[in-house]
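Observations on the model geometry
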Amino acid sequence: MRAAQSTEGAPAIELREVVKRYGAEGLGPVSLAVPAARTVALIGPSGAGKSTLLRLVLGLVAPDRGEVRLRGAPLRPEDHAARRRLGYVVQGGGLFPHLTAGGNAALVARHLRWPEARVAARLGELAALTRFPAEALARFPHELSGGQAQRVSLMRALFLEPEVLLLDEPLGALDPITRADLQADLREIFASLGKTVLLVTHDLAEAVFFAHELVLLRDGRVLQRGSLDALVRTPADPFVARFVHAQRALGLPAGAAP
Ligand code: ADP
Ligand code: MG
């Protein structure tokens, strides 16, 4: 098939000159390619456009200009099949309060009318993978800890075995210990599944922990893409240096001199 061949070797995710404006705010123009099986972290201050970028990749918002491509194929509005190749952990977790943990995780599979035995088997696999206690699958979100709720969001994102995972501040609201545990588990999961991962965090240390590459956004533009080392040694903009140094100062152990 010619169409399939032309996408061979194409980036898993590609934005070409994408613009999405909300009045004076918004994103773009942004061009960005994420190769298959890599983890890229989007970092930057609040309002930089990180969540908007993920929503554009998901097709939840349409660009005003430019194009999003998945494996070389342009993303079309209402392309539900393409959408299902993407797993999404929404900022804040986004669990439905009236559904149990298992019901939240299996929501799309049930919508697709998977047989219950298959749903149950997949829930079991994912609970083991994400270290979620299987007996808690029957609990409602308000009966879960913050870390457990994020594991449910992750199960939901992984349920249909997507090629790509998009995570929007998946560890944002957790206490430091829970956060460290989930960070370690998440990194292991990314590595073991070999997925393409695009992860949003405002925490530089977390970005470095997860990602092969960092992309620093500000005011809807990519200021710099590269390793932490590149951002530190050759900042492309004075803001890059400010952002990196502000975060590094925060991350130093008590009493350490900057
Ligand atoms: P981040 O996730 O980096 O904090 P967002 O992508 O949420 O940033 O937002 C980028 C900019 O676009 C912000 O200025 C925000 O106020 C604006 N914005 C995002 N979504 C909307 C929307 N639905 N309506 C109006 N403005 C929006
Ligand atoms: Mg956001």
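Refer to the structure above for everything that follows.
Residues numbered from 1 in each chain as written. Chains lettered and ligands numbered in written order. Predicted model: local features only at pLDDT ≥ 70, side-chain atom pairs only at ≥ 80, totals over all residues. Heavy atoms only, no water.

This part is about unusual backbone geometry. For the bond from Gly 28 to Pro 29, the omega torsion is 0°, close enough to zero to count as cis. Within the element layout of this structure, Pro 29 appears in strand S2 (residues 25-34). Positive phi outside glycine occurs at Ala 37, with the angle close to 70°. When you line up the elements, Ala 37 lands in the loop between S2 and strand S3 (39-43). Positive phi values are uncommon outside glycine, yet Arg 71 reaches one of about 50°. (Helix = DSSP H or I, 4+ residues; strand = E, 2+ residues; numbered from the N terminus.)

Attention now goes to the sheet that holds strand S1 (residues 13-22). Two pairing modes exist for strands in a sheet, parallel and antiparallel, and in both the strands are linked by backbone hydrogen bonds. In spatial order, the strands read S2-S1-S4-S5; together these four strands make up an open sheet with antiparallel pairing. Looking at which strands have only one partner, the edges of the open sheet turn out to be S2 and strand S5 (73-74). Pairing of S1 with strand S4 (residues 65-70), which is carried by five bridges, proceeds in the antiparallel orientation. In the strand pairing of S4, Arg 16 is matched with Glu 67. Packed onto the sheet, helix H2 (residues 50-58) meets S1, S2 and S4 and runs at close to 120° relative to S1. (Pairing = 2+ DSSP bridges. Contact = heavy atoms within 4.5 Å. Axes fitted to C-alpha atoms, helices over the stretch in contact; angles between N-to-C directions.)

This next bit is on the sheet that holds strand S10 (residues 221-226). The strand order across the open sheet built from six strands is S6-S7-S8-S3-S9-S10, with neighbouring strands paired in mixed fashion. At either margin of the open sheet sits one strand with a lone partner, and together these are strand S6 (86-89) and S10. Across this sheet, the average inter-strand angle for adjacent strands is 15°, counted without regard to direction. In this structure, S6 lies alongside strand S7 (residues 164-168), joined through four bridges in parallel fashion.

A separate point is the environment of His 142. Looking at where His 142 falls in the secondary structure, it is placed in the loop between helix H6 (116-129) and helix H7 (146-158). According to the relative accessible area criterion, His 142 is exposed, its value standing at 67%. Residues His 142 and His 98, 44 residues apart in the sequence, show an inter-C-alpha distance of 9.6 Å. (Buried < 20%, exposed > 50% of the residue type's maximum accessible area, 1.4 Å probe, protein only.)

It helps to recall that an α-helix has 3.6 residues per turn; residues three or four apart then point in one direction. Here H7 contains 13 residues, and its C-alpha end-to-end distance of 19 Å stays within 8% of the 18 Å for a straight helix at 1.5 Å per residue. Restricting attention to buried positions, one finds in H7 the residues Gly 147, Gln 148, Ala 149, Gln 150, Arg 151, Val 152, Ser 153, Leu 154, Met 155, Arg 156, Ala 157 and Leu 158. Buried residues along H7 sit in contact with S6, helix H4 (101-105), H6, S7 and helix H8 (176-193). (Expected span 1.5 Å × (residues − 1).)

Applying the stated rule across the entire model yields four aromatic pairs. A ring pair is formed by Phe 190 and Phe 210, whose centres lie 5.6 Å apart and whose planes are at 50°; its orientation type is tilted. One end of the pair, Phe 190, is in helix H8; the other, Phe 210, is in helix H9 (residues 204-210), and 20 residues separate them in sequence. Exposure class is identical for Phe 190 and Phe 210. Each is buried. Geometrically, the ring pair formed by Phe 209 and Phe 210 is edge-to-face, given 5.4 Å between the ring centres and 75° between the ring planes. (Phe/Tyr/Trp six-rings, centres within 6.5 Å; stacked < 30°, edge-to-face > 60°.)

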